[in-house]
Amino acid sequence: DGGITQSPKYLFRKEGQNVTLSCEQNLNHDAMYWYRQDPGQGLRLIYYSQIVNDFQKGDIAEGYSVSREKKESFPLTVTSAQKNPTAFYLCASWGTGYGYTFGSGTRLTVV
Amino acid sequence: GQQVMQIPQYQHVQEGEDFTTYCNSSTTLSNIQWYKQRPGGHPVFLIQLVKSGEVKKQKRLTFQFGEAKKNSSLHITATQTTDVGTYFCAVSYNQGGKLIFGQGTELSVKP
């Protein structure tokens with residue numbers, strides 16, 4: 001079955017550490033997105049990529065970085081510069097004609 | 001930045017009652033999508049509306065797009081406990097543009 005795989009499901013980060021969240025899709029979608037979800041705040045766009053080797057900042061890109069070296073993969077790095085990284089992170093992809101397909105998410109907690 | 005207002009934030013209903021959530025934009029929309037997120041889960045695409053005045057139905061769910069393409073609603077008739085979750089609208093201001101999500105409406109259904 002086609003879909004999006006996010007890993008890990010749960011991640012714990014120490015203060016000052018960088019961590020990378022994985023997002024892989026086998027839907028052959030060109031566009032991929034990273035959202036952050038906090039309680040009561042909906043989904044906020046961090047970064048998006050519409051084609052390989054290209055990506056754009058979303059509304060809350062500070063403290064995050066991404067790469068898009070392959071069509072299937074769009075990893076997100078949460079850097080130590082992100083002051084409040086504890087959140088639920090969702091990766092999504094989009095193909096023409098339908099809505100976004102989301103992965104099952106990664107819950108990141110700072111310890 | 002461009003924002004979309006979704007109301008209400010919470011709705012508690014008795015099973016069998018109807019439920020409606022509204023999404024409003026100050027700017028004309030290219031299209032609007034609706035998603036459902038079950039507790040602990042990820043958003044799942046429900047439907048996309050593109051045309052002015054469009055009405056679409058999925059069983060007990062009715063989706064409407066305003067004539068001016070600035071607002072939309074999702075109505076559930078005779079709610080069931082399986083309807084529990086958060087319903088998000090997501091808007092795009094230009095064809096192929098990024099989606100901006102509303103804050104979501106959390107629905108709880110008392111059996």
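What comes next is a walk through the structure. (Residues numbered from 1 in each chain as written. Chains lettered and ligands numbered in written order. Predicted model: local features only at pLDDT ≥ 70, side-chain atom pairs only at ≥ 80, totals over all residues. Heavy atoms only, no water.)

Okay, the sheet that holds strand β8 (residues 76-78) of chain A next. Residues and elements named next belong to chain A. As summarised here, the arrangement of the four strands in space is β1-β3-β8-β7, forming an open sheet in which the pairing is antiparallel. Edge positions in the open sheet fall to β1 (4-7) and β7 (64-66), since each of these has one partner strand only. Across the sheet, the axes of successive neighbouring strands diverge by a mean angle of 20 degrees, strand direction being ignored. Sheet topology places β7 next to β8; three bridges connect them, and they run antiparallel. What sits directly across from V66, in β8, is L76. (Pairing = 2+ DSSP bridges. Helix = DSSP H or I, 4+ residues; strand = E, 2+ residues; numbered from the N terminus. Axes fitted to C-alpha atoms, helices over the stretch in contact; angles between N-to-C directions.)

Bringing the layout of surface pockets into the picture now. Of the voids in this model, the largest pocket is the one considered here, and its volume is about 480 Å³. Along the wall of the largest pocket there are 26 residues; nearest its centre are Q37(A), P39(A), G40(A), Q37(B) and T86(B). Put simply, the parts of the chain that give the lining of the largest pocket at least two residues each are β9 (87-94) of chain A together with β9 (85-92) and β11 (105-110) of chain B. In terms of residue class, the lining of the largest pocket is made up of eight nonpolar, 14 polar and four charged. (1 Å grid on protein atoms, 1.4 Å probe; cavity = no way out; pocket = protein on both sides within 12 Å on 5 of 7 lines; lining within 4 Å. Points joined across faces, edges and corners; volume = space filled by probe spheres on them. Nonpolar A, V, L, I, M, F, W, Y, C, P; charged D, E, K, R; others polar.)

Turning to the packing of aromatic side chains, a few remarks are in order. Residue and element names in this part refer to chain A. By the definition in use, this model includes 15 aromatic pairs over all chains. Where Y35 meets Y100, the ring centres are 6.3 Å apart and the plane angle is 50 degrees; that geometry is what we call tilted. Pair noted here: Y35 is in strand β4 (residues 31-37) and Y100 is in the loop between β9 and β10 (101-102), with a separation of 65 residues, a long-range link. Looking at Y100, the relative accessible area reads 3%, which means it is buried. A ring pair is formed by Y35 and F102, whose centres lie 6.2 Å apart and whose planes are at 50 degrees; its orientation type is tilted. With Y35 in strand β4 and F102 in strand β10, this pair connects stretches of sequence that are 67 residues apart. (Phe/Tyr/Trp six-rings, centres within 6.5 Å; stacked < 30°, edge-to-face > 60°. Buried < 20%, exposed > 50% of the residue type's maximum accessible area, 1.4 Å probe, protein only.)

So yeah, pure geometry; function would need other evidence.
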